[in-house]
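Fold and contact review
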Amino acid sequence: MKVTLENVTKKFPSRTKNSPDVIAVNKFDFEFPDGKLIALLGPSGCGKSTTLNLISGLLKATEGKVFFGDDDVTELAAEKRGVGLVFQNYALYPHLTVRQNILFPLQNLRGKDKMSKAEMNSKAEEIARLVQVDKLMERKPNELSGGQQQRVAIARALVKMPKVLLLDEPLSNLDARLRLQTREEIRRIQKETRITTVFVTHDQDEAMSISDMIVVMRDGVVQQTGLPQEVYDNPDNLFVAQFLGTPPISVFDGTVKDGSLYIGNDKVLDGVCADNANVTVGIRPEGYILKEDGALCCKLRTVEVMGRDISVVSSNDFAKSADIRSIISSENKVDTSKEYVRFNLRREKVFLFDKENGKRIRFCSEKGGVENNG
Ligand code: ADP
Ligand code: MG
């Protein structure tokens, strides 16, 4: 089932006289497509959980509308929306076994939805097999690992076959290896059930790797939506460019002059015209080509071996952060005794942004047309 937020705003009233209202979500306008896994991505406090709770019905929108399919559910209570919820802390009932935890939502069904004991048991076992906790049915939560507990929590959210599955940072309490493994599991479960799933995370790597679509938020405002790769390749603003990607994009002060882009005195790209002379330049780590007579000169700091690739760490007076990380194939040899290193730049990996508001400035070619990817 698709879920649509139509210009949804959530204001929390200020608690004291002097502090303003908090606008946790500001005019959120987006259609979560049917059967997909969509990541809501952004830093802590940007309004992800609030958005999720507006979908679940645990919070009421101050303005705007929420639709499930074509039905307006804005005024519908949470328990009637048919959503499954999973939070960061698994919140299993500690005194109940895995089986009883998974059965719990079914035992509360009333009226026409009421199930017989046998039906409930077979449903619970089917879901337990799906999330692979079927061998642990008689254990209590404290006898499970974090990853297993989280899978039980997902089973409990799925057992009623919700129309929408909402996951709020479900992996945050797991250690790194389990996090990787569990996110693959979530992806598999979502693909098998085809339940529209909204996955909240502050971890861009997590969002990029498992979702069909990402929604990047900042300060309650949606910054950009799209396929993960599309958003990475074509960020609409500096915030999105910096939020996505490891190592992060490197950022410089730059100047556009006579059809060329300069970083300091280095002329790094030709065929660039922009209305603004002074720009912010972002270069993805894979946008650097090591070259002895390369256009951009940086001070060499160190080289980190990463196996297939190497990471050249350098610095530049016009860079906004101390380190510039460029990822190049390990076939390249870097002479670490040298003081400087030079790069040419891959045009499609270089982005220009407005110095004031961070908005993307598109390159325009000399012919006057706007290029697709730069
Ligand atoms: P995220 O999940 O992205 O970390 P939240 O949605 O939890 O962010 O919070 C967004 C903003 O709304 C934050 O500034 C937070 O302090 C504020 N906020 C969240 N819930 C409440 C509430 N019940 N009362 C007042 N402010 C809240
Ligand atoms: Mg949150």
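Because the structure is a prediction, the values reported are computed rather than measured. (Residues numbered from 1 in each chain as written. Chains lettered and ligands numbered in written order. Predicted model: local features only at pLDDT ≥ 70, side-chain atom pairs only at ≥ 80, totals over all residues. Heavy atoms only, no water.)

1. Some thoughts on the site of ligand 1
Put simply, the rule reads: Residue proximity to a molecule or strand is established when one non-hydrogen atom of the residue lies within 4 Å of it. In protein, a polar contact means a hydrogen-donor-capable atom and an acceptor-capable atom, both N or O and within 3.5 Å, with residues adjacent in sequence counting only if both atoms are side-chain atoms; elsewhere, any N or O pair within 3.5 Å suffices. The Shrake-Rupley method, run with a 1.4 Å probe, gives the accessible areas here. Residue values count only the displayed protein chains as cover. Each helix is a run of DSSP H or I of at least 4 residues and each strand a run of E of at least 2, with the numbering of both proceeding from the N terminus. Any residue that is not Ala, Val, Leu, Ile, Met, Phe, Trp, Tyr, Cys, Pro, Asp, Glu, Lys or Arg is counted as polar, Gly included; the first ten are nonpolar and the last four charged.
Around ligand 1 lies a shell formed by Phe12, Arg15, Val22, Ala24, Pro43, Ser44, Gly45, Cys46, Gly47, Lys48, Ser49 and Thr50. Within the side chain of Lys48, an N or O atom sits 2.9 Å from an oxygen atom of ligand 1. Within the complex, 62% of the 560 Å² of free accessible area of ligand 1 lies under protein. Those elements that provide at least two residues to the shell around ligand 1 are strand 2 (22–32) and helix 1 (48–56). When grouped by side-chain class, the residues that make up the shell around ligand 1 number 5 nonpolar, 5 polar and 2 charged.

2. So, unusual backbone geometry
In this model, Thr246 is joined to Pro247 through a cis peptide bond whose omega is -10 degrees. In this structure, Asn7 is a non-glycine residue whose phi angle is positive, near 50 degrees. As for its position among the elements, Asn7 is in strand 1 (residues 3–12). At Asp258, a residue that is not glycine, the phi angle is positive and equals roughly 45 degrees.

3. Let's talk about the sheet that holds strand 12 (residues 260–263)
To summarise the sheet geometry, strands pair through backbone hydrogen bonds and adopt either a parallel or an antiparallel arrangement. To be explicit about the condition: When DSSP finds two or more bridges between two strands, those strands count as paired.
Spatially, 13-12-11-14-20-21 is the arrangement adopted by the 6 strands of the open sheet, whose pairing is antiparallel. Each edge of the open sheet carries a strand with a single partner, namely strand 13 (266–270) and strand 21 (360–361). With 2 bridges connecting them, strand 20 (residues 350–354) and strand 21 associate as antiparallel partners. What sits directly across from Phe353, in strand 21, is Arg360.

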